[in-house]
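Here are the chains, one letter per residue:
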Amino acid sequence: MRTLLLLVAKDLKRKVRSPLGLLIVLSFPVVFALLIALSFGSRGERVPKIHLLVENQDGGLAANALLSALTSDQVAKYVEMEVVGSEGARRIENNEASALLRIPKRFTQDLFDGKPATLSLLRNPAQGILPEVAEQLTRVLVDVLDAGARVLRKPLEEIRSSAQPNAGRVTDETVIAVSLAVNHSVEGARKLVFPPAITVDTASLAPKPADQKSGESVSLIFLIILPGVSVYALFLVGDQAMRDIITEAKAGTLRRQLAGPIGAGTLVLGKALYTAVLALLALLVLSVVGAVVLRRGVDLAGFLLLSFALVLAVTGISATIYGLAKDERRGATIGSIVYLVLGFAGGSFVNLEGLPRAVRAVSPASPFYWGTAGYRKLIESAGTAGDILPNAAVLAGLGAVLLVLGALLLHRTVRRGGLA
Amino acid sequence: MFRVEGLVKRYGDLRAVDGISFEVRKGELYGLLGPNGAGKTTTMSMLSGLLAPDEGRIFFDGVELGADPIRIKAQLGVVPQETALYETLSARENLRFWAGLYGLAGADLDKAVERALDQVGLTGRAKDAVKTFSGGMKRRLNLALGLVHGPRAVLMDEPTVGIDPQARANILEAVRAVTASGTTVIYTTHYLEEAETLCDRVAIIDHGRILAEGTVDELKRRVSDKQILTVSGNFDVEQARARLAALPDTQIIAASPGKIVLSVAGSGKAAIEALSGVLASGLDLDGVAIQPPSLNSVFLDLTGRELRD
């Protein structure tokens, strides 16, 4: 045990003296988070525009009012609206827009009749957070229309009766009466309706401490990116730590240690322990970043359980890669390819919903998937240790098997003098 | 202290070490002298337990190395040919790590580290990162790492390769101090003067075999009744062979275009007679050299090559 501690302390000391590689890997998710924070800053001024397709099957007064609202200066800062025909759904399939808003036939009529009217929104999951924003925007508009329809019920009925074919000529007095009724209703509902109800920044992306919904929108952006990228970074940290066994072989220090009173098994175990410790420290840093950025508490037991399982997986995979690799170059190449493929399939870079169906089908084969999904469960759904138990079990099981395999491979290579 | 019996190491068809046997006594400085590729480092790797021999056995204090490698290795110090150091750590941190690995702790470790630093003259630079050291300083630290735990025997594999004369002198002085304290040393080198001035006994090794073994004087006596003549000029090998073959008591031990090496049996008078014969041979000569008995002439006599070839 003392020898193992000596080996780990020596490696950590070396890492502290030469931290550049580790800092670069750790900065990967941090820089990502910072960029996002800058892009989706505290006021939400720089929210990217949502390309919203609108299929107007109604063409009536209320539908046109909705279109006007979507093209108003305030909304146009966030939404690029395009009126389309029946090709809208196909264009969403082709990833040409964030969402398709469909205004059904008789929408205006139903509104005037006081019947329930439904707007349908088709989201494009490939565009990450943007469809989420589009949905929230639609809900706000629906709320406003609903409120308007209720507030203006009386004037609307008068307008409708005036518009009947057998209603005769509309007199100046009728117009004045409707105007007064509208004015009276609006005045009465001013506090409810104004300032303008369609405020996308308030309802979607602008985080306000007291506003749970807007906070959620920002968190969603980070939730999509941060856990996946952090898990990926953690695997890179593990790769870097385990690669040190080959660095030591090149420097001659591995050979020198083996000439001392230390077995190849102890040496391999020491490097695995160092990898695990470094991964844990990296995880700690990433957790602090996550806590600052996401501003959410998580279930500690669940977090620790998942983290230890993930560290085991990180150590196991890196040990296997370097157990198979004969030199540093081959190890780095194999590692890069393996991590990139597993990271992509596991949803580290792209939200799983945005991945092609074929890739989604193999996602569970990637440890990145279980790590990323586990952290999302803990953060997004306030999951507990019980919720992430399957994730932790898969990671720990995979990690344990690969660690044994990797250690045996490395032990064999070191004993045969393959590295030394 | 060390007994090596019929050591063999093969790499495919190549027998890097081909049946080496020798014995090293306690407190002795035993040299393995040979050119690059002679099998010295492979032999040292087997002695330090890094390589398993294909054939043969190694005993340390009567115990076979393979029987209890960890216990035996704990009593050995190893100074590898390459400077195997942690460049980002300081000299003291390097020494503390290695001393700790060999089981030292607490005050014993502190004392051992300071003693090793003093032994190689690095006390003043103990806190500095190794990466700031010159090549000579790294070599000295490399030596100190093999000595820090106070081993009973030290295996030194060409510890002076690639350094300036002053750093080399410092290292040789430290090696003498180590043997003076009673530590057994096995020392490989391809420098004749190191073997001549340092070693109690020398084994001349080439192509994985020990060609001769003994004290420097004993080895020199092997050629004391022979004179080595090196003849150079503008001639081809066959021409030289034809003209010099008839010289009395003379044997051609090496020949290459423009250079031929002769071994002449007998005293200085025989060498003069051979020299006269060479001069009268009609070969287009540039020079003729007669070498006094030395390890190089022993090596020449044994292999037909100079050690520096």
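Residues numbered from 1 in each chain as written. Chains lettered and ligands numbered in written order. Predicted model: local features only at pLDDT ≥ 70, side-chain atom pairs only at ≥ 80, totals over all residues. Heavy atoms only, no water.

J.: Explain the confidence of the model for chain B to me, please; I cannot follow it from the model alone.
T.: Predicted coordinates in regions of low pLDDT should not be interpreted in detail. On average, chain B scores 89 in pLDDT, and the residues at 70 or more come to 99%. Under the prediction, the complex receives an ipTM of 0.83, its pTM being 0.68. (pLDDT = per-residue confidence, 0-100.)

J.: It is not clear to me how the sheet that holds strand β6 (residues 76-79) of chain B should be interpreted in this structure. Could you clarify?
T.: The strands that make up a sheet are held in pairs by hydrogen bonds between backbone atoms, and each pair lies either parallel or antiparallel. Residue and element names in this part refer to chain B. Read from one edge to the other, the open sheet built from six strands follows the order β6-β7-β8-β3-β9-β10, with strand pairing classed as mixed. Where the open sheet ends on each side, the last strands, each with one partner, are β6 and β10 (209-214). Across this sheet, the average inter-strand angle for adjacent strands is 15°, counted without regard to direction. As judged from the four bridges shared by β6 and strand β7 (residues 153-157), these two strands associate in the parallel manner. (Pairing = 2+ DSSP bridges. Helix = DSSP H or I, 4+ residues; strand = E, 2+ residues; numbered from the N terminus. Axes fitted to C-alpha atoms, helices over the stretch in contact; angles between N-to-C directions.)

J.: I keep staring at the interface of chain A and chain B and nothing clicks. Help me out?
T.: When the parts come together, some accessible area is lost, and that loss is often what is quoted as the size of the interface. Residue-level contacts link 22 residues of chain A with 30 residues of chain B. The contact between chain A and chain B buries some 2300 Å² in all, and 62% of this surface belongs to carbon and sulfur atoms. For the chain A face of the interface with chain B, the top three residues by lost area are R255, R256 and P261 of chain A, together amounting to 33%. Along the contact surface separating chain A from chain B lie one salt bridge. Here E93 of chain B makes a salt bridge to R17 of chain A, at a shortest N to O gap of 2.7 Å. At the boundary of chain A with chain B, the tally comes to eleven residue pairs in polar contact (both at pLDDT 80 or more). (Contact = heavy atoms within 4.5 Å. Buried area = accessible area lost by both parts, 1.4 Å probe. Salt bridge = Lys/Arg side-chain N within 4 Å of Asp/Glu carboxyl O. Polar contact = N/O pair within 3.5 Å; in protein donor to acceptor, adjacent residues only side chain to side chain.)

J.: Just to check I follow, could you spell out the packing of aromatic side chains for this structure?
T.: The final tally for this structure, using the stated rule, is eleven aromatic pairs over all chains. When the centroid spacing of 6.0 Å and the interplanar angle of 45° are considered together, the rings of Y232 of chain A and F368 of chain A count as tilted. Highlighted residues: Y232 of chain A in helix α11 (residues 212-251) and F368 of chain A in helix α17 (residues 367-380), separated in sequence by 136 residues. Taking relative accessible area as the criterion, Y232 of chain A reaches 9% and is therefore assigned buried. Ring centres of F2 of chain B and F60 of chain B lie 5.1 Å apart, and the angle between their planes is 65°; this geometry places the pair in the edge-to-face category. With F2 of chain B in strand β1 (residues 2-11) and F60 of chain B in strand β4 (residues 55-60), this residue pair connects regions lying 58 residues apart in the sequence. Given the relative accessible area of 2%, F2 of chain B is considered buried. An aromatic cluster of three or more residues is present, and its members are Y232, F235, Y339 and F368 of chain A. The residue whose ring lies beneath R256 of chain A is W98 of chain B, and the NZ or CZ to ring-centre distance is 5.7 Å. Against the face of F59 of chain B rests R3 of chain B, its NZ or CZ located 4.3 Å from the ring centre. (Phe/Tyr/Trp six-rings, centres within 6.5 Å; stacked < 30°, edge-to-face > 60°. Buried < 20%, exposed > 50% of the residue type's maximum accessible area, 1.4 Å probe, protein only. Lys NZ or Arg CZ within 6 Å of the ring centre and 35° of its normal.)

J.: Would you explain helix α15 (residues 328-345) of chain A in this entry?
T.: Residue pairs spaced three or four apart in an α-helix point in one direction, given the helix's 3.6 residues per turn. Residues and elements named next belong to chain A. Taking 1.5 Å as the rise per residue, α15 with 18 residues should run 26 Å; its terminal C-alpha atoms sit 25 Å apart, in good agreement. Listing the buried residues of α15 in full gives G331, A332, G335, Y339, G343 and A345. Directly beyond the C-terminal end of α15, a positive phi value near 85° is found at G347. (Expected span 1.5 Å × (residues − 1).)

J.: I'm lost on helix α3 (residues 91-101) of chain B in this one. Help?
T.: Across the eleven residues that make up α3 of chain B, a large majority, nine, are buried. All of the buried residues along α3 of chain B are A91, E93, N94, L95, F97, W98, A99, G100 and L101 of chain B. On its buried face, α3 of chain B sits against α1 (2-17) and α12 (253-258) of chain A together with α4 (106-119) and α5 (135-147) of chain B. Looking at the residues trailing α3 of chain B, positive phi occurs at G103 of chain B, about 100°.

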